[in-house]
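# Fold and geometry: a report
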Amino acid sequence: LEDWATVLDRLEVEVLWAERLLRAAKPLDPSGWTPPRAIGPMPEELVERAREIHARQLETMSKLVEAMRRSTQQRVYVSTALEVTPARPRFVDIAS
């Protein structure tokens, strides 16, 4: 069985990874990408490369969505685990 320290270590590594990913993405233009207009149509010899890049973008997007889903599940689990409930007696002394 995993102990809480191990579970929290794993969660912390995932948060660190996500934070680094976000820091690395900051240099990207936040306004998004617009297709170039002044360079003409794409040459035929670059079409396959464009398709491969597009496939990688779709795969990356899918992985990011899955990572966000897992992160949400972990957040809910940890917040539930942090709820402190009063200790309840496990045995009742009926002899008294």
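See the structure shown above.
What you are looking at is a predicted structure, and each value in this text was computed from that prediction instead of being measured. In this numbering scheme, every chain counts its residues from 1 along its sequence in written order. Per-residue local features of the predicted model are confined to residues with pLDDT of at least 70, and side-chain atom pairs are confined, for both listing and counting, to 80 or more; whole-chain, interface and lining totals are unaffected and use all residues. Derived side-chain values reflect all non-hydrogen atoms in the structure, with water molecules and hydrogen atoms excluded from consideration.

### Description of the overall build of the protein chain
Scanning the protein chain for helices and strands turns up 2 helices and 0 strands. Relative accessible area decides the class of each residue, using a 1.4 Å probe on protein chains only: under 20% of the type maximum gives buried, over 50% gives exposed, and in between gives partly exposed. Within the protein chain, the proportion of its 96 residues that are buried is 3%. If you sum the accessible surface of the protein chain, you get close to 9700 Å²; carbon and sulfur atoms cover 61% of it. Where helices and strands are cited, they refer to DSSP runs of H or I of at least four residues and of E of at least two residues respectively, numbered from the N terminus. Only the protein chains shown count as cover for residues, and all accessible areas are computed by the Shrake-Rupley method using a 1.4 Å probe.

### Some points on the pattern of salt bridges
Any Lys or Arg side-chain nitrogen located within 4 Å of an Asp or Glu carboxyl oxygen qualifies as a salt bridge. The final tally for this structure, using the stated rule, is 3 salt bridges. Among the salt bridges present, the one from Glu59 reaches Lys63, with a minimum N-O distance of 3.1 Å. Placement of both Glu59 and Lys63 in helix H2 (residues 47-82) is noted, with a separation of 4 residues, approximately one turn of the helix. Residue Glu59 is classed as partly exposed on the basis of its relative accessible area of 45%. In this structure, Arg69 engages Glu66 in a salt bridge whose closest nitrogen and oxygen atoms are separated by 2.3 Å. One end of the pair is Arg69 and the other is Glu66, both in helix H2 and 3 residues apart, which spans about a single turn. Each of Glu66, Arg69 and Arg70 takes part in one network of salt bridges that share partners.

### Quick word on a nonpolar patch on the surface
A patch consists of residues whose relative accessible area exceeds 30% and which take part in no salt bridge; residues with like charges are grouped when within 9 Å of each other, and nonpolar side chains (Val, Leu, Ile, Met, Phe, Trp, Tyr) when within 5 Å. A cluster of nonpolar side chains, Trp17, Leu21 and Leu64, forms an exposed patch at the surface whose accessible area comes to about 290 Å². If you trace the backbone, Leu21 turns up in helix H1 (residues 4-25).

### A word on the environment of Gln74
Turning to its location among the elements, Gln74 is positioned in helix H2. Discounting chain neighbours no more than four positions away, the residues touching Gln74 are Leu11 and Glu14. The criterion used for residue contact is that any of the two residues' heavy atoms lie within 4.5 Å.

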